[in-house]
Amino acid sequence: MTYLIVFSPTGTSRKIGEFIVRGIGGEVVTIDLTYAPAPALNISKEDLAVFVAPVYGGCLPALAKQRMAGITSSGAKAVGVCVYGNRAFEKALVELDNIFEQAGFIPIACGAFIGEHSYCTKANPIAPGRPDNNDLLQAELFGKAIKEKLDAGIIDMCNMKAVSDLPMTMSAKLRFIAGVLKIKFVKSKRRNVPETDLGRCIHCGLCVRICPVGAISKENEYDTDADKCIRCCACVKMCRQGAKTFNTPFAPLLSRNFYKKKPNITVV
């Protein structure tokens, strides 16, 4: 049996995960941690666990790590996958590897896939439309390669901590760092949360239901609790009225510096 364990506020990581397990085949149990932690679960060493989560600021979301905490094993094989918005996955695979080590899993494969950035808009495209059909095909082929490894009885560990991101040129790195520092040192009165166009909002409550941290309340959809918000932008992406926007200065910076289409990385 394969367990697909996902944290996916905008559905992108879940989509990647579903194509991976499609390639693996067989019976699949999906555990979605987006809205609640998993109940205490110990996965048998005969089974396979595929963990998929997005990357926020070069790390796994703290909430995703918290909600994975109840899932343990005594030697089950695991696959760690992070999904990032075309900038860098930095520490994400290392963090997944640490989770596996602490929870008793044996990592046999890993991957870093590209997904549309949470801050992506028409004005500031950042990996727009990804994962595209080719990305999803690669995810499925990755799953098939994992299945072949399992069928061959190969259980060598995958060194997830050794998987490095694609390097940036020094000039590009310095340019991006300079942009980040400029944003951080310029004072702004803008709240660092999504905003609502009151003329468009119809109080349907969708944003309330899909917020993974409960930062939006019913009948008060125009306000977002800044202390709870994790800037996943699920409310922005899924609002059918187009009433939600997140006008962060990081969006144009990312769009300018990371417009080149990055490939996915897989290790089996």
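Preceding block: the structure.
Residues numbered from 1 in each chain as written. Predicted model: local features only at pLDDT ≥ 70, side-chain atom pairs only at ≥ 80, totals over all residues. Heavy atoms only, no water.

### Notes on helix α5 (residues 170–185)
- With 16 residues, α5 should cover 22 Å at 1.5 Å per step; its first-to-last C-alpha distance of 22 Å lies within 8% of that length.
- Among the residues making up α5, those that are buried are A172, F176, G179 and V180. Projected onto a plane normal to the axis of α5, the buried residues spread over an arc of 95° and lie on a single side. Every exposed residue of α5 that faces more than 90 degrees away from the buried side is listed here: M170, L174, K182 and F185.
- Along its buried surface, α5 packs onto α8 (250–257). (Helix = DSSP H or I, 4+ residues; strand = E, 2+ residues; numbered from the N terminus. Expected span 1.5 Å × (residues − 1). Buried < 20%, exposed > 50% of the residue type's maximum accessible area, 1.4 Å probe, protein only. Arc of directions from axis to C-beta. Contact = heavy atoms within 4.5 Å.)

### Details of the packing of aromatic side chains
- Evaluation of the coordinates by the stated rule reveals seven aromatic pairs.
- Where F51 meets F105, the ring centres are 5.3 Å apart and the plane angle is 80°; that geometry is what we call edge-to-face. Taken together, the residues span a long stretch of sequence, with F51 in strand β4 (residues 48–54) and F105 in the loop between α3 (92–103) and β7 (106–114) at a distance of 54 residues.
- With a centroid separation of 5.0 Å and 80° between ring planes, the pair formed by F176 and F258 is classed as edge-to-face. (Phe/Tyr/Trp six-rings, centres within 6.5 Å; stacked < 30°, edge-to-face > 60°.)

### A look at the layout of surface pockets
- The computed volume of the largest pocket comes to approximately 910 Å³.
- Residue lining of the largest pocket: 42 residues in total, with V55, Y56, G57, H117 and Y119 positioned closest to the centre.
- Looking at the lining of the largest pocket, the elements that each hand over two or more residues are α1 (12–24), α2 (62–68), β6 (77–84), α5 and α8.
- With four residues, α5 is the largest single contributor of residues to the lining of the largest pocket. (1 Å grid on protein atoms, 1.4 Å probe; cavity = no way out; pocket = protein on both sides within 12 Å on 5 of 7 lines; lining within 4 Å. Points joined across faces, edges and corners; volume = space filled by probe spheres on them.)

### Describing the nonpolar core
- Counting residues in hydrophobic clusters, the biggest one holds 36 residues, and the most contacted among them are I5, I43, F51, F89, L93 and F105.
- Among the secondary structure elements, those contributing two or more residues to this core are β1 (2–6), β4, α2, β6, α3 and β7.
- Residue contributions to this core peak at six residues, all from α3.
- In this view, F51 contacts I5, M68, I71, V79, G80, V81, L96, F100 and F105; residues no more than four positions away in its chain are not counted.
- Core analysis: the next-biggest nonpolar cluster, separate from the first, contains 20 residues, I20, L136, F142 and I146 among them. (Core = buried A, V, L, I, M, F, W, Y, C linked by side-chain atoms within 4.5 Å.)

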